[in-house]
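Analysis of the macromolecular model
Listed below, chain by chain, are the residues.
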Amino acid sequence: IVTIASGGLEAVELTQRTFPPFDAILMDLQMPDIDGIEATRRIRNDPALQIVPIIAMTANVMATDKAACLEAGMVDHVSKPVDLDQLIATLHQHIDPERLEIA
């Protein structure tokens with residue numbers, strides 16, 4: 001199941017009212033209200049959301065961008081344009097295998 005947020009503030013709100021928590025969060029860095037770095041920091045402030053993997057999805061691929069993502073609390077980085085195989089492999093790496101459904 002995929003849930004889409006229109007911006008960083010909505011993403012933070014969705015994480016706070018969704019139970020059980022999301023299996024993973026794909027976080028764009030550039031959003032209309034707060035950016036993905038700030039949204040991640042706010043999500044990580046909630047102790048119940050410390051273990052939810054947050055994965056950056058962005059065209060910002062410089063080492064400093066990746067470092068900022070990790071510093072904010074993200075666990076990985078997928079570059080845009082998104083390679084579907086890479087995205088699936090990254091999700092498999094971070095989501096509990098027991099939670100994955102194979103269609």
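Read on for an overview of the structure.

Each value, and the rule that gives it
- Residues numbered from 1 in each chain as written.
- Predicted model: local features only at pLDDT ≥ 70, side-chain atom pairs only at ≥ 80, totals over all residues.
- Heavy atoms only, no water.
- Helix = DSSP H or I, 4+ residues; strand = E, 2+ residues; numbered from the N terminus.
- Buried < 20%, exposed > 50% of the residue type's maximum accessible area, 1.4 Å probe, protein only.
- Salt bridge = Lys/Arg side-chain N within 4 Å of Asp/Glu carboxyl O.
- Contact = heavy atoms within 4.5 Å.
- Pairing = 2+ DSSP bridges.
- Axes fitted to C-alpha atoms, helices over the stretch in contact; angles between N-to-C directions.
- Parallel < 35°, antiparallel > 145°, perpendicular 65-115°, else oblique.
- Left-handed = near helix turned anticlockwise from the far one by under 90°.
- Nonpolar A, V, L, I, M, F, W, Y, C, P; charged D, E, K, R; others polar.

This brings us to the overall build of the chain. Helices and strands together make up the secondary structure of the chain, namely four helices and three strands. Reading the chain from its N end, one meets helices and strands in the order α-β-α-β-α-β-α. Overall, the C-alpha framework of the chain stretches about 35 × 30 × 25 Å when taken along its three principal axes. The buried share of the chain, taken over its 103 residues, is 35%.

So, about the pattern of salt bridges. Opposite charge on two side chains permits pairing when their charged atoms draw close. Scanning the model with the defined rule gives three salt bridges in all. The shortest N-O distance in the salt bridge between Glu-13 and Arg-17 comes to 3.3 Å. Of the two residues, Glu-13 and Arg-17 are both situated in helix α1 (residues 8–17); the distance of four residues between them amounts to about one turn of the helix. Using a relative accessible area of 43% as the deciding quantity, one classes Glu-13 as partly exposed. Here Arg-42 and Glu-38 are joined by a salt bridge, their closest N and O atoms 2.9 Å apart. Here the residue Arg-42 and the residue Glu-38 both occupy positions in helix α2 (residues 36–44), the gap between them amounting to four residues, near one helical turn. Owing to a relative accessible area of 34%, Arg-42 belongs among the partly exposed residues under this scheme.

Glancing now at the side chain of Thr-15. Checked against the element boundaries, Thr-15 lands in helix α1. The class of Thr-15 is buried, set by a relative accessible area of 5%. In this structure, Thr-15 is in contact with Phe-22, Ile-25, Ile-43 and Leu-49, ignoring residues within four places of it in sequence.

Here we take up the sheet that holds strand β1 (residues 25–28). Pairing is parallel in the open sheet, where three strands are placed in the order β1-β2-β3. Each of the sheet's edge strands pairs with one partner strand only, and the pair in question is β1 and β3 (76–79). Going across the sheet, the axis of each strand differs from the next one's by a mean of 30 degrees, ignoring polarity. Of the strand pairs in this sheet, β1 and strand β2 (residues 54–58) are connected by four bridges, and their pairing is parallel. Bridging from a neighbouring strand, Ile-25 pairs with Ile-54 of β2. Docked against the sheet, helix α4 (residues 84–94) engages β1, β2 and β3, running at close to 170 degrees with respect to β3.

This paragraph deals with the packing of α1 against α2. Here α1 crosses α2 at 20 degrees, and the two axes come no closer than 9 Å. Considered as vectors, α1 and α2 are oriented roughly parallel to each other. Handedness of the crossing formed by α1 with α2: right-handed. Facing α1, whose interface residues are Gly-8, Leu-9, Val-12 and Thr-15, α2 presents Ala-39, Arg-42 and Ile-43. Across the contact of α1 with α2, the residue classes tally to four nonpolar, two polar and one charged.

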